[in-house]
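Structural overview for review
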Amino acid sequence: MESFFVRYRNLVVLLALLVAQILGLAMQVRRTSGGQAGDGRSVQLIRLWANSIVSPPERALHSSGSGISGLWNNYVDLRHVLQQNAELQKTVDRLRLEQAALLEDAKQGKRLEALLNFEQKYIYKTTAAQAIGTSGTDQSRVFYIDKGKDEGIDRDMAVITPDGIVGKIRDVFPHTAQVLAINDQSSGAGVILESTRIRGILRGNGAGQPQIEDVIRDQRIQAGEKVLTAGGDQIFPRGLPVGVVDRVVNDPDRDGFVEVIVKPAAHLDQLDEVLVVTSTQPRFPPDQQQDLATSEMLKGAEAEKQKTSEGMAEKLPGLTVPNLPPDQQPLNDTSNPNPVSRPPVAIHPDRFTPGNATTPALPAAPGSNQGAPATDQQAPKKKPVPKAPEISPATTPPTTPQGDR
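Structural notes, computed from the coordinates. The model shown is predicted, which means the values in this text are computed figures rather than measured ones. (Residues numbered from 1 in each chain as written. Predicted model: local features only at pLDDT ≥ 70, side-chain atom pairs only at ≥ 80, totals over all residues. Heavy atoms only, no water.)

1. As for the nonpolar core
- Among the nonpolar cores identified, the biggest contains 25 residues, and Leu202, Ile212 and Val227 are the most heavily contacted of them.
- Going through the elements one at a time, β3 (158–160), β6 (189–193), β8 (210–216), β10 (241–250), β11 (257–264) and β12 (273–279) are the ones with two or more residues in this core.
- For isoleucine 212, the residues in contact, after removing those within four places along its chain, are Val191, Leu193, Gly200, Ile201, Leu202, Val227, Val258, Glu259, Val260 and Val262.
- Counting residues in each nonpolar core, the second largest holds 14 residues, with Ile145, Val159, Val179 and Ala266 among its members. (Core = buried A, V, L, I, M, F, W, Y, C linked by side-chain atoms within 4.5 Å. Buried < 20%, exposed > 50% of the residue type's maximum accessible area, 1.4 Å probe, protein only. Helix = DSSP H or I, 4+ residues; strand = E, 2+ residues; numbered from the N terminus. Contact = heavy atoms within 4.5 Å.)

2. Looking at the sheet that holds β6
- Pairing in this closed barrel of 6 strands is antiparallel, and the strands run β6-β7-β8-β11-β10-β9 around the ring. Pairs of neighbouring strands in the sheet enclose a mean axial angle of 45°, with direction left out of account. (Pairing = 2+ DSSP bridges. Axes fitted to C-alpha atoms, helices over the stretch in contact; angles between N-to-C directions.)

3. Regarding the pairing of strand β9 (residues 226–229)
- Alignment of β6 against β9, held across 3 bridges, turns out to be antiparallel. Across the sheet, valine 191 pairs through a bridge with threonine 229, a residue of β9.
- The pairing of β9 with β10 spans 3 bridges and is classified as antiparallel. By the bridge assignment, valine 227 is partnered in β10 with glycine 243.

4. A look at a nonpolar patch on the surface
- Side chains of Phe4, Phe5, Tyr8, Leu11, Leu14, Leu15 and Leu18 sit close together on the surface and give an oily, nonpolar patch of about 660 Å² of accessible area.
- Residue assignment for the nonpolar patch shows that the elements contributing at least two residues are α1 (2–7) and α2 (9–33).
- By residue number, the principal contributor to the nonpolar patch is α2, which donates 4 residues.
- As for its placement among the helices and strands, phenylalanine 4 is situated in helix α1. (Patch = residues over 30% accessible without salt bridge, like charges linked within 9 Å, V, L, I, M, F, W, Y side chains within 5 Å. Areas by Shrake-Rupley, 256 points an atom, 1.4 Å probe, with all protein chains shown as cover. Salt bridge = Lys/Arg side-chain N within 4 Å of Asp/Glu carboxyl O.)

5. Regarding the sheet that holds strand β1 (residues 125–134)
- Overall, antiparallel pairing links the 6 strands, which are arranged β1-β2-β5-β4-β3-β12 in a closed barrel. When the angles between neighbouring strand axes are averaged without regard to direction, this sheet yields 45°.

6. Overview of unusual backbone geometry
- Phi at arginine 197 takes a positive value of approximately 60°, unusual for a residue other than glycine.
- Secondary-structure assignment places arginine 197 in the loop between β6 and β7 (199–204).
- On the basis of relative accessibility, which here comes to 43%, the residue arginine 197 falls in the partly exposed class.
- Even without being glycine, glutamine 234 reaches a positive phi, approximately 60°.
- Its location among the elements puts glutamine 234 in the loop between β9 and β10.
- Using a relative accessible area of 70% as the deciding quantity, one classes glutamine 234 as exposed.

7. Focus on the pattern of salt bridges
- Tallying each qualifying case throughout the model produces 7 salt bridges.
- Ionic pairing is found between aspartate 214 and arginine 254, a salt bridge with its closest N-O pair at 2.3 Å. One end of the pair, aspartate 214, is in strand β8; the other, arginine 254, is in the loop between β10 and β11, and 40 residues separate them in sequence.
- The partly exposed category is assigned to aspartate 214, whose relative accessible area is 45%.
- Notably, a salt bridge pairs arginine 220 with aspartate 218, separated by 2.8 Å at the nearest N-O pair.
- One connected set of salt bridges, linked through shared partners, spans Asp214, Asp251 and Arg254.

8. So, the layout of surface pockets
- In this structure, the second largest pocket spans a volume of roughly 560 Å³.
- Looking at the lining of the second largest pocket, the elements with two or more residues in it are β1, β2 (142–145) and β11.
- For the lining of the second largest pocket, the per-class residue count stands at 13 nonpolar, 11 polar and 5 charged. (1 Å grid on protein atoms, 1.4 Å probe; cavity = no way out; pocket = protein on both sides within 12 Å on 5 of 7 lines; lining within 4 Å. Points joined across faces, edges and corners; volume = space filled by probe spheres on them. Nonpolar A, V, L, I, M, F, W, Y, C, P; charged D, E, K, R; others polar.)

9. Side note on the side chain of threonine 229
- Secondary-structure assignment places threonine 229 in strand β9.
- Here proline 237 takes part through its backbone oxygen, which lies 2.6 Å from a polar atom of the side chain of threonine 229.
- Among the polar contacts listed, one links the side chain of threonine 229 to the backbone nitrogen of leucine 240, at a separation of 2.8 Å. (Polar contact = N/O pair within 3.5 Å; in protein donor to acceptor, adjacent residues only side chain to side chain.)

10. Topic: the side chain of lysine 168
- Within the secondary structure, lysine 168 sits in strand β4 (residues 165–172).
- Summary of buried charges: lysine 168 has no salt-bridge partner, and the nearest side chain of opposite charge, aspartate 156, is 4.4 Å away.
- Those residues within four positions of lysine 168 in sequence are excluded, and the remaining contacts are Asp156, Met157, Val159, Gln178, Val179, Leu180, Ile235 and Phe236. (Lys, Arg positive; Asp, Glu negative; His and termini not counted.)

11. Quick look at the environment of arginine 238
- Here arginine 238 lies in the loop between β9 and β10.
- For arginine 238, a relative accessible area of 54% corresponds to the exposed category.
- For the pair arginine 238 and valine 191, spaced 47 residues apart in sequence, the C-alpha separation works out to 8.8 Å.
- The contacts of arginine 238, once residues within four sequence positions are left out, are Arg197, Arg199, Thr229, Ala230 and Gly231.

12. Thoughts on the packing of aromatic side chains
- One pass over the structure, following the stated rule, counts 0 aromatic pairs.
- Against the face of phenylalanine 257 rests arginine 254, its NZ or CZ located 4.4 Å from the ring centre. (Phe/Tyr/Trp six-rings, centres within 6.5 Å; stacked < 30°, edge-to-face > 60°. Lys NZ or Arg CZ within 6 Å of the ring centre and 35° of its normal.)

13. Things to note about the environment of leucine 271
- Locating leucine 271 in the fold gives a position in the loop between β11 and β12.
- You can call leucine 271 buried: its relative accessible area is 16%.
- For leucine 271 and glutamine 130, which are 141 residues apart along the polypeptide, the C-alpha to C-alpha distance reads 8.5 Å.
- Apart from the residues within four sequence positions on either side, leucine 271 is in contact with Ala131, Phe143, Thr161 and Val166.

This is the structure in structure tokens:
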């Protein structure tokens with residue numbers, strides 16, 4: 001028995017303490033509540049003691065578990081994080097490149113849409129091209145496009161954008177071409193001011209700015225006035241936008257002349273897509289072409305009708321009399337061409353003569369003042385008319401009505 005208590009002394013003490021605590025709780029609840037369940041002050045004190053005894057080991061266990069878990073997750077288990085970080089960085093770089101490409105494609109799509117809309121409305125035939133390079137020096141304002149002789153590009157063709165003119169083709173290669181911009185010193189374009197209608201030659205200056213040369217000083221030239229192509233150079237079609245007047249400076253070499261600095265309408269330093277005017281023959285949409293064909297057909301029919309009328313007038317020269325005024329011409333005569341004529345009065349009436357008493361009743365001629373023939377009882381007797389001598393046909397006198405004798 002002694003050996004049992006010695007061997008299990010700790011366990012026996014623990015069990016004794018637990019039994020004592022349970023008995024103490026039971027006694028306190030019974031004393032404070034009068035036989036009913038409740039929480040008194042003694043019970044809270046026992047709970048505080050129990051909490052004070054149990055909480056430190058729990059906190060120690062929890063802190064140990066958290067520390068071990070953090071050590072494992074933040075240090076031990078990070079052997080693949082570096083590789084994942086590198087892969088994520090590559091993904092981020094790729095997505096950034098794709099985003100930049102998509103943004104550039106969206107901007108290019110908008111530019112191409114505007115270019116297509118302008119090309120459809122433009123009446124001349126054009127070819128779209130992409131700017132692929134520049135000269136690389138400030139002394140020469142040229143750039144290259146990706147269309148050449150095989151695509152129908154030729155020298156001195158105008159290069160434009162929806163905003164305004166850009167330049168002209170200087171050199172042509174099989175698949176590329178060199179464009180001379182309007183701000184180059186060797187370029188030239190005939191322009192006209194929109195309001196004042198002053199003409200001049202547009203060239204580039206040393207600073208790369210287009211300017212109008214050989215302009216006489218005029219107070220009407222103001223900043224902001226639009227500049228258009230004049231069409232006299234046989235390169236740029238008439239009426240295309242060039243830019244606006246930036247300022248007017250005096251010509252240092254000639255008194256009385258000024259140089260008009262022009263702000264170009266096209267962005268010459270940010271060119272991407274351009275249009276090359278390959279033909280200056282007017283080009284119309286299908287509906288307008290059908291309208292033009294119908295108009296030409298009607299015009300031809302009218303011309304044929306007019307020609308036929310002139311031919312008939314030449315074949316009928318008697319329709320006009322040179323000596324008569326216009327209101328008395330036969331073509332303008334509105335009288336009855338077939339007037340009703342009265343029958344002539346017989347010189348020797350007989351029984352067949354109209355109006356004779358012996359002839360049956362016949363209808364009177366239209367417009368005649370003679371009435372219906374009278375009957376035998378009502379017709380008055382007429383005196384016998386002496387017989388006139390016979391006259392040869394060659395000497396037949398003119399017939400005279402009986403009432404005029």
